[in-house]
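# Observations on the model geometry
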Amino acid sequence: MKTTQLKTSLAMAIGLALSGNAYAEIIISQYVEGASYNKSLEISNTGDNPVSLSGYVLKSKYNGLDEWKNDLDLSAITLNAKSVYVISNSRASDEIKAVTDRIESIVNHNGDETYMLFKDSAEHDRIGIDGDVDWGKDKSFVRAIQTPSTTFDANMWLEKPKDNIDGLGLYQEGVTPPPPFACETDSGNTPTFTEINQIQGTGDKSPLITSGFISDDDYFVQGIVTARGESLLKGFYLQGLNDDHDSNSSEGIFVSTGSAPSQEIQPGAIVCVKAKVQEYYSQTQLKPDTNNYLVQRTESPAQVNELIINNGETLADALERHEGMQVKLTSHSDLRITRNFSFDYGSKRNNMVLSHGDPLFKPTQLFAAESPEAIALAEDNAKRQITIESDNKAANGKVPYFPDFANDADQDGSADSYLRLGARIEGLEGVIAYSYGQYRLVATNTITQENIITKAFNANGDTLFNVERTDEPSIDDDDLTITSFNVLNYFTSVATGGDANPTGQNRGAENADDFAIQQAKILSALVAIDADIIGLMEVENNGFGENSAISDLTTALNSKFEDEDDHYKYVEIKKKDKYQGEYLGSDAIMVALLYRPSEVKLKGKARVIKTPEQHVAENTVTRDNNGTIEFNPAYNKYQRHSLVQEFMVKEAKEPLTVVVNHLKSKGSECIEQWQNFEEDSDPADLQGNCNRFRVSAAKALGDDLETVKGDILILGDMNAYGMEDPLLTLTDYSKEKYDRDIFTAAYTTLGTDKEGNPLPYEETGSQITQGYGYINLNTHLHGTDTFSYTYSGELGNLDHALANESLADRVTEIEDWHINAAESNLFEYSSKYTGDMVKYNDMYSASDHDPIVISLEYKKAASFNLFALVSLFGFGFLRRRTAKKS
């Protein structure tokens, strides 16, 4: 322990004195947040006598959200009068270790942990704010007022820079705070106030900043507080008292205080601020010195302005001219959910994204990659969205501005209060901020289900999406119904003690309760679809025996149908096609097929289409990083195999061949990404990682099926949007039509020899010259603007149904049944980010992908089929007929 004489004295004007109680003499006195593992915490005895720390325990909260944990018992310590005890991380710098009394792993903060000293199990003294991800990020603190407090008040601490260890290990009586701020000039006169609208100006930057990112001068500003910022952005929002009636200049501004403002800062307070004007990561704000603001009086809260996006301007334009202001969303704002409430990995918060007019579509769902249209849409999408936030970090399973979310159930056992893509939000109020590269509306009130308008129409009066929930697909029941459904890791090996998969991984439910919810949701969806053939993705690849996942799902599904004619069987591949004699490929998940023997008969055994793999021998591929050659180690990438089964349908003479697929994930890493240094970024063509690898799989599929006779249906999760290269390869690609070159991946193999060695396929890749001619049924019947999946606020189809011409003639309808992509994923079976939120056994959020449902007609009416009607009346007929499903 280190002891020294007093270094500073606490100003008597503070009027605070230590209690005679020994409890009041023990405080957390210093907090060091530094680079790498330079982390330290100091505890002081401010009294005049030694104090035993018997009964004292230091605890922490990770991210300030979880329960207190990592207990560090301090009972063995006796702390001398006017002395300190320093606890540091084992990997801290030698300079920190030189003044450290104890090395402990509990001291490992990154600006978001909260520490509390407990005395005899009661909270005693705290540093940090629960739920604030960066209250102490890149900051160090020294105690200014030496009174224990179970709440964190920034006024009790003096903020220091990152890595500052001045005084660490030396007792300090307290740091004298600066004198209180007075709203007057240096000569003691009343200042001339600069209007907020003058600071904001009519551009995207303040006219008062002539160079750099902060003004040379300080300005006195007066306004009325509209909202506090305690977590997301720390400070408060001011609205001007004198409106210039110019809608192009904002009347609001954020005042950045660096920590939660003092408690007298509340809506309605008239505040004087002396500050510099700052452009902070594209947000115009005021940056005062510590506590350079003063509440002068209190009035009624400021009027809230309606957010209106004018004709000819983007949402981003409208938000810029409302920056810092409090606004209200109305029907005229026309902001709709484009990313449902879920975890935002950018800001590490649960939040939601709205877009102006319509939800946003993935550019490559509508247009070919790198086309001028796709590039323009990507730019437009960025200007048409706003993130809906709460100031304090939303607790898992809670929507702070929609407290009724998931809290009540209707008679069918579903949530009455929910959020759906495409719904318009009205009545929500908040302040316009900018952080993490996004405009944000930080909510200041709450809404109910009545504020979530599910009747949403486009300019022509057509319904946008299935905004309202439906309890079954709206597709007509013709001679044969087929569905494709990604079931989000239906795993039985852990939850039910079923057989294990070859990788030993568990990607699904981690316990029986979660599995019961998952199974109930999937069964509810499949019973409502009532398909005759079911293609499945993400079923655990644990064989085909009685304890396998596919057997479990089939048995459970059959139990929902009393009539045995409605029961299903699953398709099993030949023994020689099984990996290790048991599995469909070597991945943890596989594709699968169920069918109703009463409706279709198997024609022969199921077979496997092997997809290309990527193998690179050690030190054979290089990449140049600023002149430095890095050698690649052995590199092996795989894709899931496809499943093929021929069926005979009662009325048909030729077989129906169904091919179920699940191509390589966009989030994977393939050799092209490694070579182009794109492992951690979205490739420039917006098609995600491994695009060429998926093209290789599409080529292998197309080549394999060229000799197949009869009707062909290619189903599944292709991990490619509707106009991306793999889909174009399988459909109607030509260089002339799309003005684009498409290539397969390099370093690929396909299949193995008798000894199990990979057979070379395409060492350097090849150029696709012509598509295989399959018809994308969704595009033909509904156009390109359909979706089964949503990612980062953009919608599109990863799940597809492609048919050859003979089968396309039989198709009467196709529907993406929006029970999953349109919902908040908080309803999914997994408990991640959902806390103790109630889960329901309905079909909503059974997965993260919507099922595709296809209706086929086999009666002899070929001369008057759907495609004949298209020829006669054009696609307008189809849109009218199927508008309710698109």
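Since we're looking at a predicted model, the values are computed, not measured.

We now examine the pairing of strand 43 (residues 748–752). As paired elements, strand 35 (residues 613–616) and strand 43 share two bridges and run antiparallel to each other. Along strand 43, the bridge assignment pairs Gln614 with Thr748. Bridging between strand 43 and strand 44 (residues 758–762) involves three bridges; their strand directions are antiparallel. Bridging from a neighbouring strand, Thr749 pairs with Pro760 of strand 44. The hairpin turn running from strand 43 into strand 44, its antiparallel successor, is five residues long, and Gly756 in that turn takes a positive phi close to 85°.

Right, let's talk about the confidence of the model for the chain for a bit. This prediction gives the chain a mean pLDDT of 90; 90% of its residues lie at or above 70. Per-residue pLDDT stays below 50 along residues 1–20; that stretch engages in 45 contacts with residues further than four places along the chain or on separate chains. Note that pLDDT drops below 50 for residues 861–886; the model gives that stretch 38 contacts with residues more than four away or on any other chain.

Moving on, we get to the sheet that holds strand 11 (residues 122–127). Spatially, four strands are ordered 6-5-10-11 in an open sheet, and the strand pairing comes out antiparallel. In the strand order of this sheet, the two ends are held by strand 6 (69–73) and strand 11, each with one partner. On average, adjacent strands in this sheet sit at an angle of 25° to one another, irrespective of strand direction. In the sheet, strand 10 (residues 114–119) pairs with strand 11 via five bridges, with the strands oriented antiparallel. Bridge pairing in strand 11 places Leu117 opposite Asp125.

Right, let's get into the side chain of Ser249. Looking at the element boundaries, Ser249 is found in the loop between strand 15 (235–240) and strand 16 (252–256). For Ser249, a relative accessible area of 4% puts it in the buried group. For Ser249, the residues in contact, after removing those within four places along its chain, are Asn197, Gly201, Thr202, Asp244 and Arg321.

With a phi close to 50°, Asp334 is a non-glycine residue in the positive phi region. Residue position: Asp334 is located in the loop between strand 20 (326–328) and strand 21 (335–344). Assessed through its relative accessible area of 18%, Asp334 is described here as buried.

With that settled, consider the nonpolar core. The biggest cluster of nonpolar side chains holds 71 residues, and the ones touching the most others in it are Leu480, Ile533, Leu536, Leu656, Leu713, Leu777 and Ile854. Top element by residues in this core is helix 6 (residues 512–529). It accounts for seven residues. Residues contacting Leu713, with those up to four places away along its chain left out, are Ile482, Leu656, Thr657, Val658, Val659, Leu777, Ala801, Leu802, Ala803, Leu807 and Ile854. The next biggest cluster of nonpolar side chains, apart from the first, holds 48 residues, and it includes Met325, Ile337, Val399 and Ala406.

Okay, helix 5 (residues 372–382) next. Given 3.6 residues to a turn, an α-helix orients residues that are three or four positions apart in the same direction. Among all positions in helix 5, only Ala374, Leu377 and Asn381 are buried. In an axial view of helix 5, the angular spread of the buried residues amounts to 60°, which keeps them on one side of the axis. For helix 5, exposure combined with an orientation more than 90 degrees from the buried face picks out Pro372 and Ala382. Structurally, helix 5 contributes buried residues whose contacts are with strand 23 (360–361), helix 4 (363–366), strand 24 (385–389) and strand 48 (794–796).

The final tally for this structure, using the stated rule, is 21 aromatic pairs. When the centroid spacing of 4.0 Å and the interplanar angle of 0° are considered together, the rings of Phe343 and Tyr833 count as stacked. With a gap of 490 residues between them, Phe343 in strand 21 and Tyr833 in the loop between strand 50 (811–816) and strand 51 (852–856) connect regions that are remote in the sequence. The exposure class of Phe343 is buried, given its relative accessible area of 17%. An angle of 75° between the planes, with centres 6.5 Å apart, marks the rings of Phe361 and Phe787 as edge-to-face. A residue pair is termed long-range when its members are at least 10 positions apart, and Phe361 in strand 23 and Phe787 in the loop between helix 12 (777–782) and strand 47 (789–791) qualify at 426 residues. Among the aromatic residues, those joined into a cluster by ring pairs are Tyr31, Phe141, Phe152 and Trp157. A cation sits over an aromatic face here: Arg469 above Phe827, 5.6 Å from the ring centre. The positively charged end of Arg469 is found above the aromatic ring belonging to Tyr844, 4.1 Å away from the centroid.

On to a negative patch on the surface, then. Together, Glu562, Asp563, Glu564 and Asp565 give the surface a local cluster of negative charge. Structurally, Glu564 is set in the loop between helix 7 (549–558) and strand 31 (569–570).

What follows deals with the sheet that holds strand 51. An order of 31-32-30-29-51-50 is seen for the six strands of this open sheet, with the pairing classed as mixed. Edge strands, defined here as strands with exactly one partner in the open sheet, are strand 31 and strand 50. Pairing analysis gives five bridges linking strand 50 to strand 51, with the strands arranged antiparallel. Of the residues in strand 51, the one forming a bridge with Asp816 is Ile852. Packed on one face of the sheet, helix 6 meets strand 29 (480–490), strand 30 (533–540) and strand 51 and runs near 170° to strand 29. Here helix 7 sits on the sheet and contacts strand 29, strand 30, strand 31 and strand 32 (589–595); the angle it forms with strand 30, its principal contact strand, is near 135°.

Conventions adopted
Residues numbered from 1 in each chain as written. Predicted model: local features only at pLDDT ≥ 70, side-chain atom pairs only at ≥ 80, totals over all residues. Heavy atoms only, no water. Pairing = 2+ DSSP bridges. Helix = DSSP H or I, 4+ residues; strand = E, 2+ residues; numbered from the N terminus. pLDDT = per-residue confidence, 0-100. Contact = heavy atoms within 4.5 Å. Axes fitted to C-alpha atoms, helices over the stretch in contact; angles between N-to-C directions. Buried < 20%, exposed > 50% of the residue type's maximum accessible area, 1.4 Å probe, protein only. Core = buried A, V, L, I, M, F, W, Y, C linked by side-chain atoms within 4.5 Å. Arc of directions from axis to C-beta. Phe/Tyr/Trp six-rings, centres within 6.5 Å; stacked < 30°, edge-to-face > 60°. Lys NZ or Arg CZ within 6 Å of the ring centre and 35° of its normal. Patch = residues over 30% accessible without salt bridge, like charges linked within 9 Å, V, L, I, M, F, W, Y side chains within 5 Å. Areas by Shrake-Rupley, 256 points an atom, 1.4 Å probe, with all protein chains shown as cover. Salt bridge = Lys/Arg side-chain N within 4 Å of Asp/Glu carboxyl O. Lys, Arg positive; Asp, Glu negative; His and termini not counted. Charge placed at Lys NZ, Arg CZ, Asp CG, Glu CD.

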